[in-house]
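An overview of the molecular structure
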Amino acid sequence: MSNDLDDKIAIVVGASSGMGRATAASLAAAGTTVVAAARREAALEELQSDAQANGHQLEICRIDTTVREDVERLIQQVADRHGRVDLLVYATGTNIPDRSLDVLTPDTWEMMLATNLTGAFLCTRAVVPVMRQGGGGLIVYLSTGAVQMPDVSGVAYQASKHGLSGLAHGTRVEEKANGIRTTIIFPGLCKTEILDKRPVPTPQEVLAQALEPQDVADAVLFVANLPPRAIVPELQLFPSRL
Ligand SMILES: NC(=O)c1ccc[n+]([C@@H]2O[C@H](COP(=O)([O-])OP(=O)(O)OC[C@H]3O[C@@H](n4cnc5c(N)ncnc54)[C@H](OP(=O)(O)O)[C@@H]3O)[C@@H](O)[C@H]2O)c1
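What comes next concerns the included structure. (Residues numbered from 1 in each chain as written. Predicted model: local features only at pLDDT ≥ 70, side-chain atom pairs only at ≥ 80, totals over all residues. Heavy atoms only, no water.)

**Structural notes on the overall build of the chain**
- Summing up its helical and strand segments, the chain has seven helices and seven strands in all.
- The linear arrangement of helices and strands in the chain, starting from the amino end, is β-α-β-α-β-α-β-α-β-α-β-α-α-β.
- Relative to the compact-globule value of 18 Å for 242 residues, the chain shows a C-alpha radius of gyration of 17 Å, a close match.
- The principal-axis extent of the C-alpha atoms belonging to the chain is close to 50 × 40 × 35 Å.
- Taken over 242 residues, the chain has a buried fraction of 53%.
- Restricting to contacts in the chain with at least 6 residues of sequence separation, those with at least 24 account for 69%.
- Accessible area for the chain stands at about 11,300 Å²; split by element, carbon and sulfur atoms hold 51% of it. (Helix = DSSP H or I, 4+ residues; strand = E, 2+ residues; numbered from the N terminus. Rg over C-alpha atoms; globule rule 2.2 N^0.38 Å. Buried < 20%, exposed > 50% of the residue type's maximum accessible area, 1.4 Å probe, protein only. Contact = heavy atoms within 4.5 Å. Areas by Shrake-Rupley, 256 points an atom, 1.4 Å probe, with all protein chains shown as cover.)

**Observations regarding the site of the ligand**
- By nearness alone, 30 residues border the ligand, and S16, R39, Y157, K161 and T192 come closest of all.
- The separation between an oxygen atom of the ligand and a polar main-chain atom of G14 is 3.1 Å.
- The contact in question runs from a nitrogen atom of the ligand to an N or O atom on the side chain of D64, over 2.9 Å.
- Taken by itself the ligand offers 870 Å² of open surface, and the protein chains cover 96% of this.
- Cavity membership is defined here by more than half of the atoms lying within 2 Å of grid points; on that basis the ligand lies in the largest pocket.
- When residues of the shell around the ligand are traced back to their parent elements, those giving at least two are α1 (18-29) and α5 (155-175). (Near = heavy atom within 4 Å. Polar contact = N/O pair within 3.5 Å; in protein donor to acceptor, adjacent residues only side chain to side chain. 1 Å grid on protein atoms, 1.4 Å probe; cavity = no way out; pocket = protein on both sides within 12 Å on 5 of 7 lines; lining within 4 Å. Sits in = over half its atoms within 2 Å of the grid points.)

Below, the structure is given as structure tokens:
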């Protein structure tokens, strides 16, 4: 390991299930001090007891990323307790069954943008000053392969994920002099709870070829392991057979 993950403080937002959960658990297993955040407290507590049973360091914090005060409280608490934040992973994301343009409403559009994009902005805005003070850091955003290959995941979902690219790249360019790097990961189909929100169930034979959450966690750890002189601005991770 070139970047000594066992010496780092990481926040994973959207850590109660799927890719975020796998990432939080993997970072903790690598020795990183992890703060896992999401809305579902019971799921976070389960993640924490699994980690503790394996002797890993993992703290939890209940937040809704669409609520500015929640995000600011999370980052402040971590900064106060640990003195710095080295890594923030924005794994939060959602979708809705009523996703096609003919059934999407202004309210559901707003909810999608708030969760997938504005929440990432709020986290970035809160964590950047802490990272600057610590001499740098890495922010990893989970996007979707639908950015490269438009699909039927919905216009609000795709618009929010395209917006995430602007946030990731703009932050990287503005903050590179402060040692802050960003990576945006574009995963393809992955077996997680978000698929339960599809209007039509995903066929079992397709699911059988999908990524596992651990594959995405491994990609995050690969990026987080790189030394500060190196950066992966974008990383595409697709199931090889789909
Ligand atoms: N699975 C796929 O096929 C796939 C493919 C490409 C990209 N992605 C993206 O990958 C990322 C991770 O999703 P996943 O597939 O792992 O799905 P998931 O298991 O549903 O995880 C989504 C996470 O986001 C959290 N979240 C949702 N709304 C939130 C809010 N308002 N505040 C705080 N946390 C919130 C959820 O926690 P709570 O509900 O507890 O708050 C959960 O931990 C998402 O950005 C998704 O768009 C998924």
